[in-house]
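These are the residues of each chain, in order.
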Amino acid sequence: MKRVSILGATGSIGENTVDLIARAPEEHKVVALTGGRNVVRLAEQAIALNAELAVTCYPELKQQLADRLSGTGIEVAAGSEALLDAAARPADWVMSAIVGAAGLPPGLVALKQGATLALANKESLVCAGALLKETAAAHGATLLPVDSEHSAVAQALVGEDISAVERVIITASGGAFRDWPLERLAEATPEQASKHPNWDMGQRITVDSASMFNKALEVIETHEYFGFSPSQIEVIVHPQSLIHALVGFHDGALMAHVGPPDMRHAIGYALYYPERRALPVERLDLVKIGQLDFRAPCERRWPALRLAREVMAMGGLAGAAFNAAKEQALDAFLARQIRFTDMATVVEETLEALERDGALKCDRMRLDDVMETDHLARKRAVEAASLIATDA
Ligand SMILES: NC(=O)C1=CN([C@@H]2O[C@H](COP(=O)(O)OP(=O)(O)OC[C@H]3O[C@@H](n4cnc5c(N)ncnc54)[C@H](OP(=O)(O)O)[C@@H]3O)[C@@H](O)[C@H]2O)C=CC1
Ligand SMILES: CC(=O)[C@@H](O)[C@H](O)COP(=O)(O)O
Ligand SMILES: [Mn+2]
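None of the values given here were measured: they were computed from a predicted structure.

What about the site of ligand 1?
Neighbouring ligand 1 are 25 residues, the closest being Thr10, Ser12, Gly36, Arg37 and Glu123. Between Gly11 and ligand 1, the recorded distance is 3.2 Å, taken from a backbone N or O atom to an oxygen atom. Separating an oxygen atom of ligand 1 from a backbone N or O atom of Ala120 is a distance of 3.5 Å. Protein burial of ligand 1: of its 890 Å² of free accessible surface, 85% is covered by the chains. Elements with a minimum of two residues in the shell around ligand 1: helix H1 (12-22) and helix H6 (122-138). A domain-level breakdown of the shell around ligand 1 finds at least three residues from each of domain 1 (2-145) and domain 2 (150-260).

Below you can see the structure in the form of structure tokens.
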């Protein structure tokens, strides 16, 4: 039996992972499930999967969780230390599906116990790619991509010589506002930004899709995970989200990964890797689809893409600052403190300020430095957002 844990079980990726594991209970021993506010759902999942341990990151919710699990024999814990303990509990396969930089410390702990870490939490790689890879190598652990584009690239690379790759193209749906006139973007609301045209995902990544900060993170994720140079990585707008990525080789061949917008494919690929198992995803009818469309991304509409390139050029701790500033800008937008178009301004100003202060340099990445940069960037971003809000 494969021992599995899910960090972020109550979210969109978490639920899809639970769905796959619940279809093959005889093959999986569920060790730990973690969640946040949704303790009702966490308790249901823990009972359904007969988990050993259920953890909420909020200590004040521990009693509620314990009440729901009383008499089941399932252990209950709460708080950030308990989350790390859950990640440290021996498992063969751990899904990293917490949203944001909060997913980094438990992801590192899971790698330290030698588990295969299925990485949906792209923020970890953006903040601390070098540290994750170094930790995996030092503990004989494996990192597998779960983000749909990166799973697609990994699948297109099976059996290939990576030095024969000329370019990688990751697709972007364009999000909620891809067809809006540019001058309307400033008035876009959080409700409008929270509707993805193709994927059913958590609110934060959905808004990041609309602003292209999701794709900006993914460009950096591609660079960090596969080691391709920034000039090899392209983004193309593909409104149908059916091709997830393409890999171009020196001989001119382009290998495209095509599939329905259902994360159970990428999660299932990582769960059963290197085997391919039958998965409960729609089989595409290409004749019905008829046509696939592509457009060049406009950097005036989506300045986040330009910022991603600047972050890769800066290197060091720039990824950690970029992600933290983006998370704070997103909070300020969701709280209606700043406009949709102000998010990129907040991130750019934060990066410029930290670079000016020499705060993004690092020779060898350590978790403490990443956390310190994350903290500094959040502080700066909050200030930048407050100034914008005051001026408005
Ligand atoms: N959704 C998707 O299809 C895709 C997601 N990803 C990435 O996967 C990750 C998860 O995304 P998604 O599932 O959409 O997100 P959701 O918001 O749906 O779920 C996030 C999960 O993390 C928990 N959580 C939230 N904050 C914290 C915290 N501070 N500490 C510990 N746990 C926390 C939530 O608990 P609760 O809900 O109980 O409060 C929930 O279980 C993100 O990094 C995202 O970028 C990548 C590709 C596709
Ligand atoms: C499913 C997945 O991997 C998301 O990251 C997806 O890519 C979001 O869609 P966008 O292409 O709109 O960013
Ligand atoms: Mn993606």
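From this point, the discussion proceeds with the structure in view.
Some remarks on the pairing of strand E4 (residues 75-78)
Relative to E4, strand E3 (residues 53-56) is paired through 4 bridges, and the arrangement is parallel. Residue Leu53 lies in a different strand from E4, and its bridge partner there is Glu75. For the crossover from E3 across helix H3 (residues 62-69) to E4, the handedness is right-handed.

Here we look at the UniProt feature "domain: 1-deoxy-D-xylulose 5-phosphate reductoisomerase C-terminal" (unreviewed entry) in the chain
The residues that UniProt annotates with the feature "domain: 1-deoxy-D-xylulose 5-phosphate reductoisomerase C-terminal" (unreviewed entry) are residues 143-226. Helix makes up 44% of residues 143-226 and strand 13%, and the two end C-alpha atoms of the span are 11 Å apart.

Here we look at the environment of Arg264
Within the fold, Arg264 resides in helix H11 (residues 264-272). The spatial distance from the C-alpha of Arg264 to the C-alpha of Thr142 is 20 Å, given a sequence separation of 122 residues. In this view, Arg264 contacts Asn16, Asp19, Leu20, Arg23, Leu279, Pro280 and Val281; residues no more than four positions away in its chain are not counted. Within the structure, the side chain of Arg264 is placed 3.2 Å from the side chain of Asp19, a separation counted as a polar contact.

Observations concerning the side chain of Thr373
On the secondary structure map, Thr373 appears in helix H16 (residues 367-391). A polar contact is formed between the side chain of Thr373 and the backbone oxygen of Asp369, at a distance of 2.8 Å. Not counting the four nearest positions on each side in its chain, Thr373 is found in contact with Leu317, Ala320, Ala321, Leu354, Ala359 and Leu360.

Details of the domain arrangement of the chain
For the chain, the assigned domains read domain 1 (2-145), domain 2 (150-260) and domain 3 (315-391). Computed from C-alpha coordinates alone, the two centres of domain 1 and domain 2 are separated by 26 Å. Taken together, the contacts link 11 residues of domain 1 with 15 residues of domain 2. In total, about 1100 Å² of surface goes out of reach between domain 1 and domain 2, with carbon and sulfur atoms giving 65% of it. Linking domain 1 with domain 2 are 2 salt bridges, by the criterion used here. The partner of Lys133 in a salt bridge is Glu224, and the shortest N-O contact between them spans 3.6 Å. Those elements that provide at least two residues to the side of domain 1 that touches domain 2 are H6 and strand E7 (142-145). Of all the elements, H6 adds the most residues to the side of domain 1 that touches domain 2, at 6 residues.

Points about the coordination of the manganese ion (ligand 3)
Coordination of the manganese ion (ligand 3) by the protein comes from Asp147 (OD), Glu149 (OE) and Glu218 (OE), over a distance range of 2.1 to 2.2 Å. Taken together, the 6 donor atoms coordinating the manganese ion (ligand 3) and their angles of 64 to 164 degrees define a geometry best described as irregular. As a motif over one chain, the donors of the manganese ion (ligand 3) read D-x1-E-x68-E. Taken together, the positions of Glu149 in helix H7 (residues 148-157) and Glu218 in helix H10 (residues 213-226) put the pair 69 residues apart, joining distant regions of the chain. Assigned by exposure class, Glu149 and Glu218 land together as buried.

Some thoughts on the confidence of the model for the chain
In the predicted model, the chain carries a mean pLDDT of 98, and the fraction of residues at 70 or more is 100%. Two numbers describe this predicted complex: its pTM, 0.98, and its ipTM, 0.99.

What about the sheet that holds strand E11 (residues 254-258)?
On the basis of which strands lie adjacent, the open sheet formed by 4 strands has the order E9-E8-E10-E11 and mixed pairing. Unpaired on one side and paired on the other, strand E9 (233-237) and E11 mark the two borders of the sheet. Strand-to-strand twist of the sheet, defined as the mean angle between neighbouring strand axes without regard to direction, takes the value 20 degrees. Pairing geometry for strand E8 (residues 165-172) and strand E10 (residues 243-249), over 5 bridges, is antiparallel. Along E10, the bridge assignment pairs Val165 with Phe249.

Description of the packing of aromatic side chains
Overall, the coordinates contain 7 aromatic pairs when judged by the stated rule. Look at Phe333 and Phe340: their rings are 5.5 Å apart centre to centre, the planes differ by 70 degrees, and that puts the pair in the edge-to-face class. Residue class for Phe340 comes out buried when judged on its relative accessible area of 6%. Of the aromatic side chains, those joined through ring pairs into one cluster are Phe177, Trp180, Phe333 and Phe340. Directly above the aromatic system of Trp180 lies the positively charged group of Arg184, at a separation of 3.9 Å from the ring centroid.

Conventions used here
Residues numbered from 1 in each chain as written. Chains lettered and ligands numbered in written order. Predicted model: local features only at pLDDT ≥ 70, side-chain atom pairs only at ≥ 80, totals over all residues. Heavy atoms only, no water. Near = heavy atom within 4 Å. Polar contact = N/O pair within 3.5 Å; in protein donor to acceptor, adjacent residues only side chain to side chain. Areas by Shrake-Rupley, 256 points an atom, 1.4 Å probe, with all protein chains shown as cover. Helix = DSSP H or I, 4+ residues; strand = E, 2+ residues; numbered from the N terminus. Domains from an automatic or database assignment. Pairing = 2+ DSSP bridges. Right-handed = clockwise from strand over helix to strand, strands pointing away. UniProt positions renumbered as here; feature names shortened; annotations may be inferred. Contact = heavy atoms within 4.5 Å. Buried area = accessible area lost by both parts, 1.4 Å probe. Salt bridge = Lys/Arg side-chain N within 4 Å of Asp/Glu carboxyl O. Donors = N, O, S within 2.8 Å, 3.2 Å for Na, K, Ca; no water. Tetrahedral: all angles 85-135°; square planar, octahedral: opposite > 155°, others 65-115°. Buried < 20%, exposed > 50% of the residue type's maximum accessible area, 1.4 Å probe, protein only. pLDDT = per-residue confidence, 0-100. Axes fitted to C-alpha atoms, helices over the stretch in contact; angles between N-to-C directions. Phe/Tyr/Trp six-rings, centres within 6.5 Å; stacked < 30°, edge-to-face > 60°. Lys NZ or Arg CZ within 6 Å of the ring centre and 35° of its normal.

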